[in-house]
Amino acid sequence: MDSDLSDPVRLGRMLQATGLFDPTWYREHYPDVDQVGRGAGRGTGLDPLTHFLRYGLLLGRRPGPGFEPDFYASDYPDVPQSGLVPLQHYLLYGAAEGRFPTAAAAARHRGLVRVQQLQALLWGGLAASAEAELSALLNDPEAAQEVRLAAGVLLATWAAFTERPALARRILESQESLPAALARSARRLIPLAMLYQEDGRREAAARALEEIRPEEQDSHRVLALANLDEGQARLDRINGIYSALDLATLALRDPDQPLSLANLAAPAGPAPDRGKVSVILPAFQAEAQIGTALAGLQAQSHENLEILVVDDASTDGTADLVADLAAQDPRIVLLRQRRNGGAYAARNLGLARASGDFITTHDADDWSHSQKIALQVAELTGAPEVMGVITHWSRVRPDLAITTNWRLSAQLTQWSHSSFLFRRAVAERLGGWDAVRVSGDTDYIWRVQAAYGAQAVRRILPAVPLAFAADAAGSLTRASLTHVRSTYGGLRHYYREICRYWLARAPGGLSPEQQAAKWAMLPAAILPGQDGSDRVALLLRGDCCDPDVLARMSDLARATAPERVALSHRPDPGFTDRQFGYAMEFPAAFFEVLQQENVILACPEEAVQAQARRDL
């Protein structure tokens, strides 16, 4: 960018390049531009851009609807101090710094940020106040229309999750009155179509999907439309996504059997051998599903594989089934855990035996597209700076009907943590996974990004389901304590925040002492075989985002020592000075309290028996 915009010619070029100058708008709002003749009290007779550069800029006029000099100067006090005209400052510095050129743009951005914060509050324990604020935004005629749409979609998602589907439909239907660009957006119409479909209103679902703006008619819409088809027609619809990218299309393994996850194939020719890939597949009581997972892996176009199936002390026929398949395919190796230790402990056993140039994982109830691993390896070998690659999946019912994961959404593909394929050097530097019950994938990916940089992890083909995951109500993502919702408040939230804290302090990897300190902070229920039950002298409940509450917790914990104290995060709607990432973030003082020797986390709170309780 030019460092000096005092030259009118340079400024004119910049205005035209950015589109901030609108000659028609300028002429309409400043009629003196078009007055014929010259002289005192008469018009200049200049074209709009020349008029603006010669007179309008110094008079504080707007170049078009996209920039407001008065707002920009008042909202950013350093602008008048710079000695630059507001527009010059914006072009030189403000745009690159993310500053807002108009009051409406600022209000829209702040409103959307607030909706994101309300999402964290809604799922994180402050549902009543968050729902009320979202309703107010939805019904506020003065709010930016984009903000009203975002608030309504989030409210509908919450209503559907809390088993109020009729309310969810009404909210999304009410947004039909928004401007067409928003009313016809996929983020409104795909969830509405999914609700109609669940209610048996197929024609209404089809109409909603047809209304989506042409520029938003992507693979998510295709997957939603596929739900309205059956059998081969459903498969044909989904195949449009793959054929558009010259990927192998889906077919039935057995044409005489109905469409199902277990009857799926994607025939593809062999891919170039770019190195050996070790696939670690933990399995527990997986006799009914693991054949589907292994069939997908055996059919991979990247054939140089070792498939390390780690049986986690199953009592059904899982190990026998895998042993039979291993006798037929030497790439399959059966490993056994003596005691059930959870999927991440099983992965670590597989990692210790892995001999591949690349390592990835796989769940026992998933099916992978035949070119998934080849695409990931090609991405890695073509970009030396990338250390790991993630693909996307869709959750499906047995007949391959797409679901919206754990909550209503317009996104019918999600990035799959368990698809992470990484270089052997990563494991040699960072070791294995935390042997926890849930969220160990997230921590491992964060560790790679902390050690190698955010760009070292790449997600590819976000709109293409390169795997399908069985949408099982009994999985850990659905169980109450370990539900995905607990990433906002509960077991996963505590774990993620503890991981975030330690990654900030040791991005290159934890020392043994730091790892032990991290482990001591974890809620017991995150560990396999633990339910969080415990006995303590004192249970402290309060908003662990509030420094004042944390200071009182710290004092009370010290006063109670050596007897043990348990903390439980209870968000307070009256405390508003929060930090937000994906969810509510705990300040450093929270982790300092946790490092006191007599302090533990109460999770779930009801499993902890306390001699006394204090609400702070």
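Residues numbered from 1 in each chain as written. Predicted model: local features only at pLDDT ≥ 70, side-chain atom pairs only at ≥ 80, totals over all residues. Heavy atoms only, no water.

A.B. asks: So what exactly am I meant to see when it comes to the pairing of strand E13 (residues 465-470) here?
C.D. replies: Along a regular strand, successive side chains alternate from one face of the sheet to the other. Burial within E13 is extensive, with 5 of its 6 residues counted as buried. Two elements, strand E7 (residues 366-368) and E13, share 3 bridges in a ladder whose sense is antiparallel. The partner of Trp367 across the bridge, within E13, is Phe468. Across 4 bridges, the pairing between strand E9 (residues 392-396) and E13 is parallel. Within E13, the residue paired with His392 across the bridge is Pro465. (Buried < 20%, exposed > 50% of the residue type's maximum accessible area, 1.4 Å probe, protein only. Helix = DSSP H or I, 4+ residues; strand = E, 2+ residues; numbered from the N terminus. Pairing = 2+ DSSP bridges.)

A.B. asks: Hey, could you run me through the packing of aromatic side chains in this one?
C.D. replies: Any pair of aromatic rings gets described here by the distance separating the centres and the angle formed by the planes. One pass over the structure, following the stated rule, counts 26 aromatic pairs. Ring geometry for Phe422 and Tyr444: centres 5.3 Å apart, planes at 45°, overall tilted. Of the two residues, Phe422 sits in strand E11 (residues 421-423) while Tyr444 sits in helix H21 (residues 440-452), which places them 22 residues apart along the sequence. Assessed through its relative accessible area of 0%, Phe422 is described here as buried. Three or more aromatic residues joined by ring pairs form one cluster here, namely Trp123, Trp158, Phe161, Trp406, Tyr488 and Tyr582. Over the ring of Tyr452 we find Arg429, and its NZ or CZ is 4.8 Å from the ring centre. (Phe/Tyr/Trp six-rings, centres within 6.5 Å; stacked < 30°, edge-to-face > 60°. Lys NZ or Arg CZ within 6 Å of the ring centre and 35° of its normal.)

A.B. asks: What exactly am I supposed to notice about the side chain of Ser419 here?
C.D. replies: Looking at the secondary structure, you find Ser419 in the loop between strand E10 (414-415) and E11. Here the side chain of Ser419 touches Thr391 through a polar contact of 2.9 Å, landing on its backbone nitrogen. Excluding residues that lie within four positions of it along the chain, Ser419 makes contacts with Thr360, Lys372, Gln376, Val389, Ile390 and Thr391. (Polar contact = N/O pair within 3.5 Å; in protein donor to acceptor, adjacent residues only side chain to side chain. Contact = heavy atoms within 4.5 Å.)

A.B. asks: Help me understand the pattern of salt bridges, please; the structure alone is not making it clear to me.
C.D. replies: When the charged atoms of two side chains with opposite charge come close together, those side chains can pair. Evaluation of the coordinates by the stated rule reveals 30 salt bridges. Where Arg234 meets Asp399, a salt bridge forms, and the shortest distance between an N and an O atom there is 3.5 Å. Note that Arg234 is positioned in helix H15 (residues 231-243) and Asp399 in the loop between E9 and E10, a separation of 165 residues in sequence. In this structure, the salt-bridge partner of Glu605 is Arg570, at a minimum N-O distance of 2.9 Å. Placement of Glu605 in the loop between strand E18 (599-601) and strand E19 (608-615) and of Arg570 in the loop between strand E15 (565-569) and strand E16 (579-580) is noted, with a sequence separation of 35 residues between them. One salt-bridge network, in which partners are shared between bridges, spans Asp434, Asp443, Arg447 and Lys518. (Salt bridge = Lys/Arg side-chain N within 4 Å of Asp/Glu carboxyl O.)

A.B. asks: Just checking my understanding: could you explain the environment of Asp555 for this structure?
C.D. replies: Here Asp555 lies in helix H24 (residues 547-560). Residue Asp555 is classed as exposed on the basis of its relative accessible area, which comes to 52%. When the C-alpha positions of Asp555 and Gln117 are compared, they lie 30 Å apart, and in sequence the two are 438 residues distant.

A.B. asks: How should I be thinking about the sheet that holds E15 in this particular structure?
C.D. replies: Sheet strands associate in pairs through backbone hydrogen bonding, adopting either a parallel or an antiparallel arrangement. Pairing is parallel across the open sheet formed by 4 strands, whose spatial order is E18-E15-E14-E19. Of all the strands in the sheet, the pair left with one neighbour each is E18 and E19. Going from strand to strand, the sheet's axes swing by 35° on average, the running direction of each strand aside. Looking at chain direction, strand E14 (residues 534-542) and E15 are connected through 5 bridges and run parallel. Bridge pairing links Leu540 to Leu567 in E15. (Axes fitted to C-alpha atoms, helices over the stretch in contact; angles between N-to-C directions.)

A.B. asks: Got a minute to help me understand the packing of helix H1 (residues 8-18) against helix H3 (residues 48-56) in this structure?
C.D. replies: Helix packing geometry: the angle between the two helix axes and the distance between the axes. Where H1 meets H3, the axes come as close as 10 Å, and the angle between the chain directions of the two elements is 125°. Relative to H3, the element H1 lies oblique. Handedness of the H1/H3 crossing: right-handed. Facing H1, whose interface residues are Pro8, Leu11, Gly12, Leu15 and Gln16, H3 presents Leu49, Phe52 and Leu53. Its residues assigned to classes, the contact of H1 with H3 comprises 6 nonpolar, 2 polar and no charged. (Parallel < 35°, antiparallel > 145°, perpendicular 65-115°, else oblique. Left-handed = near helix turned anticlockwise from the far one by under 90°. Nonpolar A, V, L, I, M, F, W, Y, C, P; charged D, E, K, R; others polar.)

A.B. asks: When you look at the side chain of Thr404 in this model, what are you seeing that I'm missing?
C.D. replies: Within the element layout of this structure, Thr404 appears in the loop between E9 and E10. One polar contact links the side chain of Thr404 to the main-chain carbonyl oxygen of Arg407, over a distance of 3.2 Å. Once you skip the residues sitting within four places of it in the chain, Thr404 turns out to touch Met194, Ser409 and Leu412.

A.B. asks: Is there a simple way to think about unusual backbone geometry in this case?
C.D. replies: Apart from glycine, the bulk of residues carry a negative phi angle, and the bulk of peptide bonds sit in the trans form. At the junction of Ala561 and Pro562, the peptide bond is cis and its omega measures out at 10° in the coordinates. In this fold, Pro562 is placed in the loop between H24 and E15. Of note, the amide linkage connecting Cys603 to Pro604 takes the cis form, showing an omega dihedral of -5°. For Pro604, the location among the structural elements is in the loop between E18 and E19. Look at Glu163: it is not a glycine, yet its phi comes out positive at around 60°. For Glu163, the location among the structural elements is in the loop between helix H9 (145-161) and helix H10 (165-174). Take Glu163: its relative accessible area is 72%, and that puts it in the exposed class. In this structure, Ala313 takes a positive phi of about 60° despite not being glycine. Mapped onto the elements, Ala313 comes out in the loop between strand E4 (305-311) and helix H17 (318-328).

A.B. asks: Looking at this structure, how should I read empty space enclosed by the protein?
C.D. replies: Where empty space is left becomes clear once a probe the size of a water molecule has been rolled over the atoms. Tallying each qualifying case throughout the model produces 2 cavities of 30 Å³ or more. Here the largest cavity is characterised by a volume of approximately 50 Å³. Taken together, Thr361, His362, Asp366, Ser368, Lys372, Thr391, Trp393, Ser416, Ser418, Ser419 and Ala467 form the lining of the largest cavity. Per-class residue counts for the lining of the largest cavity are 2 nonpolar, 7 polar and 2 charged. By volume, the second largest cavity is sized at about 40 Å³. (1 Å grid on protein atoms, 1.4 Å probe; cavity = no way out; pocket = protein on both sides within 12 Å on 5 of 7 lines; lining within 4 Å. Points joined across faces, edges and corners; volume = space filled by probe spheres on them.)

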